Amino acid sequence: MASSDPAYPGQMTRRPLLRLATIVAVAVGFAVAAALAAAPRAAAAPGVKFGLTDDAWLLHGSGSLESRLDRLDALGVRVVRFTLRWDQIARRRPATATDPEDPAYRWTVTDPVLEGLHERGIDVVLQLLGTPGWANGRKPANVAPKSGATFAAFAAAAAHQYPWVRKWLIWNEPNQVRWLRPTSPAVYTTKLLNPAYIALHHAVRGAQVAGGGTAPRGSTGGVSPVAWLTGMHAARARLDVYAHNPYPLDPKRETPLTGGCGHCTTVTMATLGRLQKMLARDYPRARIWLTEYGYQSNPPDRILGVSLGLQARYEGEGTYAAFRAPKVDLLVHFLYRDEPNLARFQSGLVSLTNGRKPEYGAFELPLAQISATTLWGQLRAPDAGKTARLERRVGSRWRPFATVRARTGRYFHWTGKLARGMQVRVHAGPLIGAVVAIH
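Residues numbered from 1 in each chain as written. Predicted model: local features only at pLDDT ≥ 70, side-chain atom pairs only at ≥ 80, totals over all residues. Heavy atoms only, no water.

## Here's the deal with the overall build of the chain
Looking only at helices and strands, one finds 13 helices and 18 strands in the chain. Scored against the burial criterion, the 439 residues of the chain give a buried share of 60%. (Helix = DSSP H or I, 4+ residues; strand = E, 2+ residues; numbered from the N terminus. Buried < 20%, exposed > 50% of the residue type's maximum accessible area, 1.4 Å probe, protein only.)

As structure tokens, this is what we get:
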């Protein structure tokens, strides 16, 4: 994932600042507070919000920022996960740690992005990440702070800087060594999650604070998401939402709906039920945010990528997998644009040269075959309207075979005869979705 800073200076009316003594006392005394049962979560909006995360493209992509934000709006993006890098925003220790106007804080780099998203009514998940050297003994940014109080103070300052943000995510994939050291659910809970949870709930009315943010597997030296969640619960983690990145472990064999490992301690989209069962046991009130997801495409990734057609098909199937999971409130696609380094992510809706992949149309108009006789989809992009044609390929032409009307959430179902190998697509207003081959 890419990194960034925060935003929104004096134009936004802020709530009164918490006194530094209060927030530090709360954070330092967190061990006592953590023993309490998790507070009731704020009510979530009905239905799933579908969105995107790509900090690097939002901050530095081609064209103007306005054009990039307009592109998100036109795609039907309703939520953006965006990262506030503590180590970049507070490179020196603030004198008044909870005051966003303290000169040690630098909120200018990402101000325009967050302001623009807010103006367009696009919801934001603000992810807090990266420890500054002054807070962890001059160690790398993936090393936890020495005191949870310092992180709590930063969370409070960020909340006062962005009083309109209700969704907060604490760290990225802390169950992997590359993102957090020590890679321990107890350290994550006591030094990061719980202090931030307390600070954000004091600062933001109706805040939703997501913990976890786990990768689908621990990788070398890391901790599986199953063991991580168990460890968080043992450490008395406080959260309203559990966040997870359910990437496939074997993209060539695993689809969003099938092929997941039934006996593993990993969690992918195909085995999302494993996470739901654990949450029902340990955090029955918690919701789920899927904060990163996508399949890499070939081209350009000839090792881990799937074909362009499969990438588009999996976009629709992933949408359906999130839709049918009763506790999932968000599904966030990663990325908008492929990364220049082939060793990184090639899961963009567009290529490095900004050419649209079939997945671009699949994001606007996701379509999935959910049985031998049923198609399911969404008219997500605003220009799609509420009525669409289902079309099938006949020779070199496309011919309509049904008309569908969007219901609540802009979703539709169609049931009828589907022949194996038939190629179908959605045509809604000026938009044409990706081709899906019936299987």
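## Digging into the nonpolar core
Core analysis: the largest hydrophobic core is formed by 95 residues, its most contacted members being L84, W168 and I170. The greatest single-element share of this core, amounting to 9 residues, is contributed by helix α8 (residues 148–161). Those residues within four positions of W168 in sequence are excluded, and the remaining contacts are L84, L126, L128, A158, A159, Y162, L200, V204, Q208, V209, A210 and W289. Formed by 21 residues, the second largest nonpolar core is a distinct cluster that contains L367, L379, A384 and W414. (Core = buried A, V, L, I, M, F, W, Y, C linked by side-chain atoms within 4.5 Å. Contact = heavy atoms within 4.5 Å.)

## Notes on helix α10 (residues 225–234)
Looking only at α10, the buried set comprises P225, V226, W228, L229, G231 and M232. Tucked into the core, α10 has its buried residues touching α9 (185–203), β5 (208–214), β6 (241–244) and α11 (272–282). With its phi angle positive at about 65 degrees, R236 sits one or two positions after the end of α10.

## Some words on the sheet that holds strand β4 (residues 167–170)
Taken in spatial order, the 8 strands of this closed barrel run β1-β2-β3-β4-β5-β6-β7-β10, and their pairing is parallel. Ignoring which end each strand starts from, the neighbouring axes of this sheet average 25 degrees apart. Pairing between β5 and β6: 4 bridges, direction parallel. Note on β6: the bridge partner recorded for T214 is H244. Contacts from helix α6 (residues 111–119) reach β2 (79–85) and β3 (123–129), with the element oriented near 155 degrees to β2. (Pairing = 2+ DSSP bridges. Axes fitted to C-alpha atoms, helices over the stretch in contact; angles between N-to-C directions.)

## Section: the layout of surface pockets
The space that makes up the largest pocket amounts to roughly 620 Å³. Forming the boundary of the largest pocket are 24 residues, of which R217, Y247, Q296, L304 and F345 lie nearest the centre. Within the lining of the largest pocket, the residues separate by chemical class into 13 nonpolar, 5 polar and 6 charged. (1 Å grid on protein atoms, 1.4 Å probe; cavity = no way out; pocket = protein on both sides within 12 Å on 5 of 7 lines; lining within 4 Å. Points joined across faces, edges and corners; volume = space filled by probe spheres on them. Nonpolar A, V, L, I, M, F, W, Y, C, P; charged D, E, K, R; others polar.)

## A look at the state of the cysteines
Working definition: the covalent bond between the sulfur atoms of two cysteines is a disulfide. A complete count under the given rule lists 1 disulfide for this structure. Through a disulfide, C261 is tied to C264; the S-S separation comes to 1.9 Å. Handedness here is read from the sign of the S-S torsion; for C261 and C264, about 75 degrees, the answer is right-handed. (Disulfide = S-S within 2.5 Å.)

## Observations concerning the environment of R302
By secondary structure assignment, the location of R302 is in the loop between β8 (297–298) and β9 (306–307). When its relative accessible area of 65% is taken as the criterion, R302 is described as exposed. Side-chain polar atoms of R302 contact the side chain of N298, separated by 3.4 Å. (Polar contact = N/O pair within 3.5 Å; in protein donor to acceptor, adjacent residues only side chain to side chain.)

## So, the environment of S307
Residue placement: S307 occurs in strand β9. Among the residues examined, S307 registers a relative accessible area of 36% and is labelled partly exposed. Separated by 10 residues in sequence, S307 and S297 place their C-alpha atoms 5.7 Å apart.

## Digging into the pattern of salt bridges
Within the structure shown, the criterion is met by 15 salt bridges. Through salt bridges that share partners, K49, D123 and K167 make up one connected network. (Salt bridge = Lys/Arg side-chain N within 4 Å of Asp/Glu carboxyl O.)

## A word on empty space enclosed by the protein
Regions of empty space are outlined by a rolling probe, equal in size to a water molecule, passed over the atoms. Applying the stated rule across the entire model yields 2 cavities of 30 Å³ or more. Approximately 110 Å³ is the volume attributed to the largest cavity. The wall of the largest cavity is formed by 15 residues, among which Y293, E315, T319, L331 and H333 lie closest to the centre. Among the secondary structure elements, those contributing two or more residues to the lining of the largest cavity are β1 (49–52), α12 (308–324), β10 (328–333) and α13 (358–364). Tallying contributions element by element places α12 first for the lining of the largest cavity, with 4 residues. Its residues assigned to classes, the lining of the largest cavity shows 7 nonpolar, 5 polar and 3 charged.

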